[in-house]
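# Understanding the architecture of this molecule
Residue-level listing of the chains:
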Amino acid sequence: MPEPLSQKEIEDRLAELPGWSLDGDRLARSYRLGTHFAATAMVVHIAQVQEELNHHSDLTLGYNTVSLTVNTHSVGGAVTGLDFELATRVEALAPGHGAR
Ligand SMILES: C[C@H](O)[C@H](O)[C@H]1CNC2=NC(N)=NC(=O)C2=N1
């Protein structure tokens, strides 16, 4: 069972993830892409990673944006290391999609 992170642990880990923030009790990040199709392709790639991790964000596809919010349901919606693992994986794949 993943452990909820303390406020300080969250802040320390967010410092390593530029662009990510704490929105209420969820990690959050929005990306802007060049086209709607590029944004759609990124959503599919994120879904693949989420299935691999068995950890899922709420994903919003806009005209040329992809937005994510995530926390860990199994511990009542707290932020855990699993959320940061997903955020780190998404940060790693974003540049390949031209996301910024
Ligand atoms: C049954 C399945 O393994 C669980 O529901 C997984 C699925 N994806 C999940 N995603 C998130 N964000 N939190 C969870 O606790 C979680 N649990």
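Residues numbered from 1 in each chain as written. Predicted model: local features only at pLDDT ≥ 70, side-chain atom pairs only at ≥ 80, totals over all residues. Heavy atoms only, no water.

An unreviewed UniProt entry annotates the protein as Putative pterin-4-alpha-carbinolamine dehydratase of Streptomyces resistomycificus. Among the UniProt annotations of the protein, the heading Sequence similarities (unreviewed entry) holds the following wording: "Belongs to the pterin-4-alpha-carbinolamine dehydratase family." Quoted verbatim from the Catalytic activity (unreviewed entry) field of the UniProt record, the comment on the protein reads "(4aS,6R)-4a-hydroxy-L-erythro-5,6,7,8-tetrahydrobiopterin = (6R)-L-erythro-6,7-dihydrobiopterin + H2O". (UniProt positions renumbered as here; feature names shortened; annotations may be inferred.)

So, about the site of the ligand. Neighbouring the ligand are the residues Asn54, His55, His56, Asn71, Thr72, His73 and Ser74. Between a nitrogen atom of the ligand and a side-chain N or O atom of His56, the distance comes to 2.8 Å. Ser74 has a polar backbone atom sitting 2.9 Å from an oxygen atom of the ligand. Protein chains shield 61% of the accessible area of the ligand, which is 400 Å² for the free molecule. Here the residues of the shell around the ligand sort into no nonpolar, 7 polar and no charged. (Near = heavy atom within 4 Å. Polar contact = N/O pair within 3.5 Å; in protein donor to acceptor, adjacent residues only side chain to side chain. Areas by Shrake-Rupley, 256 points an atom, 1.4 Å probe, with all protein chains shown as cover. Nonpolar A, V, L, I, M, F, W, Y, C, P; charged D, E, K, R; others polar.)

Applying the stated criterion across every chain, the model contains 4 salt bridges. One salt bridge in this structure joins Asp12 and Lys8, with 2.6 Å as the shortest N-O distance. One end of the pair is Asp12 and the other is Lys8, both in helix α1 (residues 7-14) and 4 residues apart, which spans about a single turn. The exposure class of Asp12 is partly exposed, given its relative accessible area of 41%. Under the relative-accessibility criterion, Lys8 is labelled exposed at 54%. A salt bridge links Arg26 to Asp58; the shortest N-O distance between them is 2.9 Å. Taken together, the residues span a long stretch of sequence, with Arg26 in strand β2 (residues 26-32) and Asp58 in strand β3 (residues 58-61) at a distance of 32 residues. (Salt bridge = Lys/Arg side-chain N within 4 Å of Asp/Glu carboxyl O. Helix = DSSP H or I, 4+ residues; strand = E, 2+ residues; numbered from the N terminus. Buried < 20%, exposed > 50% of the residue type's maximum accessible area, 1.4 Å probe, protein only.)

With that settled, consider helix α3 (residues 81-93). For α3, spanning 13 residues, the distance from its first C-alpha to its last is 19 Å, which sits close to the expected 18 Å at 1.5 Å a residue. Within α3, the full set of buried residues consists of Asp83, Phe84, Leu86, Ala87, Val90 and Leu93. Where the residues of α3 are buried, they touch α1, β2, α2 (36-53) and β4 (65-70). Where α3 begins, the side chain of Thr80 points an oxygen toward the backbone nitrogen of Leu82, at a separation of 3.1 Å. (Expected span 1.5 Å × (residues − 1). Contact = heavy atoms within 4.5 Å.)

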